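Per-entry structural report
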Amino acid sequence: MHGSVIDICKNLAEDFGPEESVAVLVWTKADVMDCGECMEITEDEAGRVLSAIGDEGYHFEYGVGQDRVREMLNNLRDEEERAREVSVSAAALEQVLRVAWGFMRLEDAQGGEGYAANLWQSEHEALRKVGEALKR
């Protein structure tokens with residue numbers, strides 16, 4: 001469960017009877033900031049990790065501690081890095097592609113046809129996609 005104190009109290013009152021015994025573990029943005037301090041976590045990242053803590057069912061079985069918070073932060077950063085877009089001139093990309101494809105051809109010459117594509121599958125696919133984008 002993730003939200004404001006008012007929202008969480010309302011949800012607890014709706015989900016549980018007034019005499020029902022419950023245990024509530026509380027994580028705050030400050031707690032997440034403390035766990036991620038050595039990783040230079042930002043307030044925005046801490047808020048998103050906090051939201052993920054409230055949304056995932058992982059903690060029911062394994063709990064959430066400093067290691068899990070850091071893992072969640074790493075996953076968040078990895079996702080952002082994969083989705084990050086940059087602007088580069090077409091000429092610069094064409095030069096990079098020439099060098100990369102040259103390297104791939106050299107690897108194929110040394111390892112056999114298709115060796116480079118098998119060894120670096122995601123990189124090969126990325127080169128193909130960049131080449132296609134430049135042709136448009």
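Structure first, text after, so check above.
Quick look at the structure, then. (Residues numbered from 1 in each chain as written. Predicted model: local features only at pLDDT ≥ 70, side-chain atom pairs only at ≥ 80, totals over all residues. Heavy atoms only, no water.)

**Quick look at the environment of Gly-54**
In this fold, Gly-54 is placed in helix H3 (residues 43-55). Sequence separation of Gly-54 and Ser-87 is 33 residues, and the distance between their C-alpha atoms is 36 Å. Every residue in contact with Gly-54, bar those within four places of it in the chain, is listed here: Met-1 and His-2. (Helix = DSSP H or I, 4+ residues; strand = E, 2+ residues; numbered from the N terminus. Contact = heavy atoms within 4.5 Å.)

**What to know about the packing of H3 against helix H5 (residues 66-83)**
Axis separation between H3 and H5 bottoms out at 10 Å; the angle between their running directions is 115 degrees. Looking at the two axes, H3 sits roughly perpendicular to H5. Considering the relative orientation of H3 and H5, their crossing is right-handed. Between H3 and H5, the residues in contact are Glu-45, Arg-48, Val-49, Ala-52 and Ile-53 and Val-69, Met-72, Leu-73, Leu-76, Arg-77 and Glu-80, respectively. Here the residues of the contact of H3 with H5 are counted per class, giving 7 nonpolar, no polar and 4 charged. (Axes fitted to C-alpha atoms, helices over the stretch in contact; angles between N-to-C directions. Parallel < 35°, antiparallel > 145°, perpendicular 65-115°, else oblique. Left-handed = near helix turned anticlockwise from the far one by under 90°. Nonpolar A, V, L, I, M, F, W, Y, C, P; charged D, E, K, R; others polar.)

**As for the layout of surface pockets**
Estimates place the volume of the largest pocket at around 790 Å³. Lining of the largest pocket is provided by 22 residues; of these, Met-1, Val-24, Leu-25, Val-26 and Trp-27 occupy positions nearest its centre. Among the elements of the structure, helix H1 (5-15), H3 and helix H4 (58-62) are those that each provide at least two residues to the lining of the largest pocket. Looking at the lining of the largest pocket, the element that brings in the most residues is H1, giving 4 residues. Looking at side-chain class alone, the lining of the largest pocket contains 16 nonpolar, 6 polar and no charged residues. (1 Å grid on protein atoms, 1.4 Å probe; cavity = no way out; pocket = protein on both sides within 12 Å on 5 of 7 lines; lining within 4 Å. Points joined across faces, edges and corners; volume = space filled by probe spheres on them.)

**With respect to the packing of aromatic side chains**
Each aromatic ring pair is specified by the distance between its two centres and by the angle formed by the two planes. Tallied over the entire structure, the rule returns 1 aromatic pair. Both rings, one in Phe-103 and one in Trp-120, keep their centres 5.5 Å apart while their planes meet at 50 degrees; by these two values the pair is tilted. Placement of Phe-103 in helix H6 (residues 90-111) and of Trp-120 in the loop between helix H7 (115-119) and helix H8 (121-135) is noted, with a sequence separation of 17 residues between them. The class of Phe-103 is partly exposed, set by a relative accessible area of 38%. (Phe/Tyr/Trp six-rings, centres within 6.5 Å; stacked < 30°, edge-to-face > 60°. Buried < 20%, exposed > 50% of the residue type's maximum accessible area, 1.4 Å probe, protein only.)

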